[in-house]
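The chain contents come next:
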Amino acid sequence: MRRIVTAFATTVTAIVLLFSYHTSTGGSGTTTAAVVRPVTPAAATGVATTSAAATYTGGVAQTQWGPVQVAVTVAGGRITAADAVQVPTGNSRDDEINAVAVPILNQEVVAAQSARIDTVSGATVTSDGYLASLQSALDQAHL
Amino acid sequence: MSAELPRAGFVEQIMGLPVSVHVRGEGARGPDVAAAVERVFADLREVDALFSTYKPDSEVSRINAGTLAPADAGPLLHEVFALSVIARERTGGLFDVNLPGAGGRTYDPSGLVKGWAADRAARHLVALSDHDFCLNAGGDVVMGCGRADAEPWRAGIEDPREGGTLLGVLERRDGAVATSGTAARGAHLVDPRDGSHPHALLSVTVVGPSLTWADVLATAAFVRGEDAVEWLRGQVGYEALVVHADGRVSRTPSLLVHELAGVPAS
């Protein structure tokens, strides 16, 4: 119980770090709205077992920091893994941050799923903060 | 359990907010659901075009610029005018769309429009029989279950004391959850009576049948401050969870909040 909460805190901090690190490629203050659309399952990685696992790759969200794309693996109605398949890169500092943040994104999605949350109510979430939010992870799981 | 029940999620950024729609049911990934969700998004884009204070050609901007007489505005504006008056009366002036500004009072119905627009757009999802839906517009949620045996939706309530953590979970088959606070955008809530920024509370979450009113009541209670829970007790049909600036959490007596593991909070 407590560990779940701690995991959320740690992961969100790291993801915020990832997306708020303003790179030289990040452009000026203009924000490109991220539009994420449902896609069909990219590839079913599961073999013929009782609870077939399938990997879903979300659409590419164009953010002011660069393109972001997440893939999640669902088995038996639960998310068992999540990976950022595309994250903003541009310089070595980005890569260093991503190396730390991407595995943590994975943990966040799995932790949210183990708490069985469908949605999150909070003080106004803006588009800028969306990609770093738990709601974003929940949405990705069902896109 | 309905672990194998098809489920689909849709996200679009509208009004500067992420809007998510989740649908459960046999046809969740089918064309009827996709069409209904597209109607939801189209509805919200239409509202944005009329009400945005950031778009100079919106009806609200033209009213503020003096180039459109309120009486000449369209029917959706008139609906919001009426709601605005009711909201001010119902909250004793704690909620008011006429905000004090530098050059007199500005008409800014944004605080009312988000919840109202989401409530209104949800009618396209209610119309999907045999499917459950959950619509989240920037942290305000409206839910419905069209299947008789549906499990409730589980809505996590964000903890404003620690970003990304949850206070607990509300289980509901229908109705609305709205949270007002300062967590995401700094001190953006204004006391309409004097233009000050309330600071006694970190967040107010209100649960009830209508998102329009849950949202209005959450904002009004946030402005109300320390005795928000006592004040909200007078609002029949609505329950609330309040986090105070000093970290205390209080709630109305009938609100059932589940801990993350699914154990009811005492």
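Residues numbered from 1 in each chain as written. Chains lettered and ligands numbered in written order. Predicted model: local features only at pLDDT ≥ 70, side-chain atom pairs only at ≥ 80, totals over all residues.

Engineer: Outline the overall build of chain B, supporting the account with residue identities and numerical values.
Structural biologist: Helix and strand counts for chain B come out as seven helices and 12 strands. Its C-alpha atoms give chain B principal-axis dimensions of roughly 60 × 45 × 30 Å. Evaluated residue by residue, chain B yields a buried proportion of 48% over its 266 residues. If you take every contact in chain B between residues at least 6 apart in sequence, the share linking residues at least 24 apart comes to 54%. (Helix = DSSP H or I, 4+ residues; strand = E, 2+ residues; numbered from the N terminus. Buried ≥ 20, exposed ≤ 12 C-beta atoms within 10 Å, placed from the backbone. Contact = placed C-beta atoms within 7 Å.)

Engineer: Run through the sheet that holds strand β8 (residues 166–172) of chain B, naming residues and quoting values.
Structural biologist: With mixed pairing, the three strands of this open sheet are ordered in space as β5(A)-β7(B)-β8(B). Both edges of this open sheet fall to β5 (119–121) of chain A together with β8 of chain B, since each of them pairs with a single strand only. Direction aside, the axes of adjacent strands within the sheet are offset by 30 degrees on average. Pairing analysis gives three bridges linking β5 of chain A to strand β7 (residues 153–158) of chain B, with the strands arranged parallel. Bridge pairing in β7 of chain B links Ser121 of chain A to Ile157 of chain B. (Pairing = 2+ DSSP bridges. Axes fitted to C-alpha atoms, helices over the stretch in contact; angles between N-to-C directions.)

Engineer: How would you explain the nonpolar core if you had to name every residue and give the values?
Structural biologist: What tends to happen in soluble globular proteins is that the nonpolar side chains get buried as a cluster. All names here are of chain B. With 79 residues, the main nonpolar core has Leu135, Val204, Val206, Ala214, Leu217, Ala221 and Ala240 as its most contacted residues. Looking at this core element by element, the count peaks at 10 residues for helix α6 (residues 211–224). Those residues within four positions of Ala214 in sequence are excluded, and the remaining contacts are Gly115, Ala176, Val177, Ala178, Val206, Val207, Gly208 and Tyr238. (Core = buried A, V, L, I, M, F, W, Y, C linked by C-beta atoms within 7 Å.)

Engineer: Summarise helix α4 (residues 110–121) of chain B; cite the residues concerned and give the values.
Structural biologist: Residues and elements named next belong to chain B. A rise of 1.5 Å per residue sets the reference length of α4, with its 12 residues, at 16 Å; its end C-alpha atoms lie 16 Å apart and thus fit the reference within 8%. The element α4 is largely enclosed, with a buried count of 10 among its 12 residues. When we look at burial in α4, the residues that qualify are Gly111, Leu112, Val113, Lys114, Gly115, Trp116, Ala117, Ala118, Asp119 and Ala121. (Expected span 1.5 Å × (residues − 1).)

Engineer: Break down α6 of chain B for me, with residues and values.
Structural biologist: Residue and element names in this part refer to chain B. A rise of 1.5 Å per residue sets the reference length of α6, with its 14 residues, at 20 Å; its end C-alpha atoms lie 19 Å apart and thus fit the reference within 8%. Most of α6 sits inside the fold, with 14 of its 14 residues counted as buried. Looking one or two places after α6, you find Gly225, whose phi comes out positive at around 95 degrees.

Engineer: Please give an account of the confidence of the model for chain A that cites residues and values.
Structural biologist: Averaged over all residues, the pLDDT of chain A is 52; the fraction at 70 or higher stands at 10%. Mean pLDDT in chain A bottoms out at helix α1 (residues 2–20) of chain A, which sits at 33, and peaks at β5 of chain A, which reaches 86. (pLDDT = per-residue confidence, 0-100.)

Engineer: Can you explain the pairing of strand β2 (residues 17–24) of chain B? Please cite residues and give values.
Structural biologist: All names here are of chain B. Burial analysis of β2 places eight of its eight residues in the buried class, which makes it a mostly covered element. By the alternation rule, side chains of β2 split into Leu17, Val19, Val21 and Val23 and Pro18, Ser20, His22 and Arg24, which are all buried. Bridging between strand β1 (residues 7–14) and β2 involves eight bridges; their strand directions are antiparallel. Directly across from Val11, in β2, lies its bridge partner Ser20. Between the end of β1 and the start of β2, which pair antiparallel, lie two residues, with Met15 showing a positive phi angle near 60 degrees. In this structure, β2 lies alongside strand β5 (residues 132–137), joined through six bridges in antiparallel fashion. In the strand pairing of β5, Arg24 is matched with Asp132.

Engineer: For the sheet that holds β2 of chain B, give the residues involved together with the corresponding values.
Structural biologist: Residues and elements named next belong to chain B. Read from one edge of the open sheet, eight strands run β1-β2-β5-β6-β9-β10-β11-β12, paired in antiparallel fashion. The open sheet has two edge strands with one neighbour each: β1 and β12 (249–251). Across the sheet, the mean angle separating the axes of adjacent strands is 10 degrees when strand polarity is ignored. Packed on one face of the sheet, α4 meets β5, β6 (140–145) and β9 (175–181) and runs near 20 degrees to β6.

Engineer: Help me get a handle on the environment of Glu38 of chain B, residues and values and all.
Structural biologist: Residues and elements named next belong to chain B. In this fold, Glu38 is placed in helix α1 (residues 31–51). Overall, the presence of 14 C-beta atoms within 10 Å leaves Glu38 in the partly exposed class. Sequence separation of Glu38 and Phe10 is 28 residues, and the distance between their C-alpha atoms is 9.2 Å.

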